[in-house]
Amino acid sequence: MKIVIAGAGIGGLVAALSLHAAGLRDVRVLEAVPRIRPFGAGVNVQPNAVRELAALGLAESLAHAGTELTELSYHNHLGQRIWYEPRGRASDCDWPQLAVHRGVLQSILVDAVHDRLGPDALTTDARVTGFDPLDGGGTEVLLAHRCGDRPDSSIRADVLVGADGLRSAVRRTLYPEEGEPRANGTTVWRGVNRSTPFQGGRSMVVMGDGRWKAVIYPLAGRPDADGLVLVNWAVSRAATPQDTERDPGQEPPPGDGFPGAVSDWTCGDLRLRTVLAGAGSVGSFPMLDRDPLPRWSFGPVTLLGDAAHAMAPMGSSATTQAVLDARGLAHALATHRDPVRALAAYDRDRRPPMNRLQLLNRAKGPELVIDLAQERAPGGFRRVEDVIPAARLARVAESYARAAGFDTESVNTPSPYDCHRPSSGAHAEAVREP
Ligand SMILES: Cc1cc2nc3c(=O)[nH]c(=O)nc-3n(C[C@H](O)[C@H](O)[C@H](O)COP(=O)(O)OP(=O)(O)OC[C@H]3O[C@@H](n4cnc5c(N)ncnc54)[C@H](O)[C@@H]3O)c2cc1C
């Protein structure tokens, strides 16, 4: 069975590795960019995704490249604590929560694909532009190339997986009427700086005043010779009237108010001014997501990761869920004889929870508590329980963790997607048809 994956992002690469580990060896990953470069900033890999990456033998290199986060706290703009929770192993999960640079994670995965699937498994400068169904099953995947004078080409596949991100060409072919991603008017600035360690070095801090918000966490726990660590930051600003006059998907002008009052914020020993120092040239972009879809799998074609369920960046879920999709897809293909049935099973397994998570993120996910505190106590509070009942705060956090599958009980359950098989070829006796 020839499986073609559009996109060598986190989801596409983990899918390739998972398929290979499950004994499906004819896998090609096609990436649009001519050269994969370490773009982006930090991403979080939640413990349920670390468990899945550990099953692929990647947990050690990931842990080495990233930082283990052990706590998460939400604060108002005065630094007063609204909510605190231990994370990962500190909350009795068997696996850690790891913060890692997206580019570093991608290069670990690219190296593993090269080592395990061979040098020809990943082709760059191969942009998938669409596909045509073939009589008798499978699909003709259409490709465009940017470098040299290479003409457009195509490749036949029994299965096509669209792991091609927010502006997926595979999704566009399946849903030609859908148009651009949805913008909510929020502008995001994001970057990675060297800064002084804060709050013990393993904390993720989210602060906000209802309009501005800052998310800060360390990306490398070991201080350099100057005592500085790599710190990931994202500052966002909810829509202003000027923003709403602009086309919502359009990039805001550079600078555009950043960093506003945020640079005066402090939270214990965390000083935003210090973290944001030197961040002058940083780019900004609109916060985008997609609507939940009624279907991901159509015959031999399916979607995965952001292509399937791009979600607003609340709750640090996108990378984690792309990993879970990849593992779920490989499990489905390894345990069904018929690939079309396998893709339908994958759709039934992964789409409903992701549809719910997309909507939860659109409603601010766990970061909702910041808005609640702002509405009820814009000038601050003496005790947060005076303005928001403790049970309400706990409910917001717990229900999000369950929806995203990183509550302790779910994490400590063995992976539902384990299907390692030693060799390629026929399906194992354990093949389970629906
Ligand atoms: C360059 C980049 C930087 C990012 N930086 C951050 C960050 O700092 N923080 C964060 O939280 N999230 C970031 N993201 C998003 C984050 O990686 C995803 O939300 C998450 O990891 C899910 O991954 P994914 O594999 O579904 O999508 P992505 O990581 O977006 O990967 C999609 C891949 O498909 C490729 N592609 C796109 N179109 C085509 C096509 N037509 N044919 C073939 N290949 C195609 C892209 O080049 C990319 O490599 C970034 C994404 C990208 C592409």
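Per-chain numbering applies: the sequence of each chain, read as written, is numbered from 1 onward. Local features are withheld for residues below a pLDDT of 70 in this predicted model, meaning they are given only at 70 or higher, and side-chain atom pairs are given and counted only at 80 or more; totals for whole chains, interfaces and linings count all residues. Hydrogens and water are ignored here; the side-chain numbers use all heavy atoms of the structure.

Draft legend 1. Structural view of helix α1 (residues 10-21). The way it works is that DSSP assigns letters per residue, a run of H or I at least four long becomes a helix, a run of E at least two long becomes a strand, and they are numbered from the N terminus. For a helix, the expected span equals 1.5 Å multiplied by the residue count minus one. Spanning 12 residues, α1 covers 16 Å between terminal C-alpha atoms, matching the ideal 16 Å at 1.5 Å per step. Exposure is judged per residue with a 1.4 Å probe applied to protein chains only, and the accessible area is read against the type maximum: over 50% gives exposed, under 20% gives buried, and values in between give partly exposed. With 12 of 12 residues buried, α1 lies mostly within the body of the structure. Every buried residue belonging to α1 is among I10, G11, G12, L13, V14, A15, A16, L17, S18, L19, H20 and A21, and all of these are buried. Every residue pair with non-hydrogen atoms within 4.5 Å of one another is taken to be in contact. In this fold, the buried residues of α1 make contact with β1 (3-6), β2 (27-30), α2 (47-55), α4 (102-117) and α9 (318-335).

Draft legend 2. Inspection of the domain arrangement of the protein chain at higher detail. Where each domain begins and ends follows an automated or database-derived domain assignment. Taken domain by domain, the protein chain holds domain 1 (3-180 + 290-411) and domain 2 (182-289). Here the C-alpha centre of domain 2 lies 22 Å away from the C-alpha centre of domain 1. Taken together, the 40 residues of domain 1 in the interface contact 30 residues of domain 2. The quantity reported as buried area is the accessible area (1.4 Å probe) lost by two parts once they are put together, taken as the sum for both. In total, about 2,700 Å² of surface goes out of reach between domain 1 and domain 2, with carbon and sulfur atoms giving 54% of it. The largest contributions to the domain 1 side of the interface with domain 2 come from T67, E71 and H77, which together make up 17% of the buried area. Each polar contact in these results corresponds to two N or O atoms within 3.5 Å; when the atoms are within protein, one needs to be able to donate a hydrogen and the other to accept it, and residues that are neighboring in sequence are counted only if both atoms are side-chain atoms. Between domain 1 and domain 2 we count 18 residue pairs in polar contact (both at pLDDT 80 or more) in total. Every element with two or more residues in the side of domain 1 that touches domain 2 is listed here: β3 (42-45), α3 (59-65), β4 (67-69), β5 (71-76), β7 (97-101) and α11 (368-376). Per element, the largest residue contribution to the side of domain 1 that touches domain 2 is six residues, and it comes from β5. Amino acids outside the nonpolar list (Ala, Val, Leu, Ile, Met, Phe, Trp, Tyr, Cys, Pro) and the charged list (Asp, Glu, Lys, Arg) are all regarded as polar, and Gly is one of them. Across the side of domain 1 that touches domain 2, the residue classes tally to 16 nonpolar, 15 polar and nine charged.

Draft legend 3. Examining empty space enclosed by the protein more closely. A 1.4 Å probe that fits into a set of points on a 1 Å grid over the protein atoms alone but cannot get out defines a cavity; an open set with protein on both sides within 12 Å along at least five of seven lines defines a pocket, and lining residues are those with an atom within 4 Å of a point. Grid points are joined across faces, edges and corners, and a volume is the space filled by probe spheres set on the points. Going through the model one piece at a time under the given rule, you end up with two cavities of 30 Å³ or more. Lining the largest cavity are 15 residues, and of these L72, Y74, R87, G315 and P366 sit closest to its centre. Mapped onto the lining of the largest cavity, the elements with two or more residues apiece are β5, β6 (81-86), β14 (203-208) and α12 (390-404). Tallying contributions element by element places α12 first for the lining of the largest cavity, with three residues.

Draft legend 4. Highlighting the layout of surface pockets. A volume near 270 Å³ is recorded for the second largest pocket. As for the second largest pocket, its lining consists of 15 residues, and the residues nearest its centre are E85, S91, A401, D407 and T408. Breaking the lining of the second largest pocket down by element, the ones donating at least two residues are β6 and α12.

Draft legend 5. Layout of the sheet that holds β7. Whether two strands pair comes down to DSSP finding at least two bridges between them. Strand order in this open sheet of three strands is β3-β7-β4, and the pairing throughout is antiparallel. Each edge of the open sheet is held by one strand with a lone partner, namely β3 and β4. Pairs of neighbouring strands in the sheet enclose a mean axial angle of 35°, with direction left out of account. Bridge analysis of β4 against β7 gives three bridges, and the strand direction is antiparallel. Bridge pairing links T67 to A99 in β7. Fitted lines through C-alpha atoms serve as axes, helices being fitted only where they are in contact, and the angles separating the N-to-C directions of these axes extend from 0 to 180 degrees.

Draft legend 6. Region of interest: the sheet that holds strand β9 (residues 127-133). Strand order in the open sheet formed by three strands is β9-β10-β11, and the pairing between neighbours is antiparallel. Looking at which strands have only one partner, the edges of the open sheet turn out to be β9 and β11 (153-157). Here the average twist between neighbouring strands, direction ignored, is 30°. Where β9 meets strand β10 (residues 139-144), six bridges bridge the pair, whose relative direction is antiparallel. By the bridge assignment, V128 is partnered in β10 with L143.

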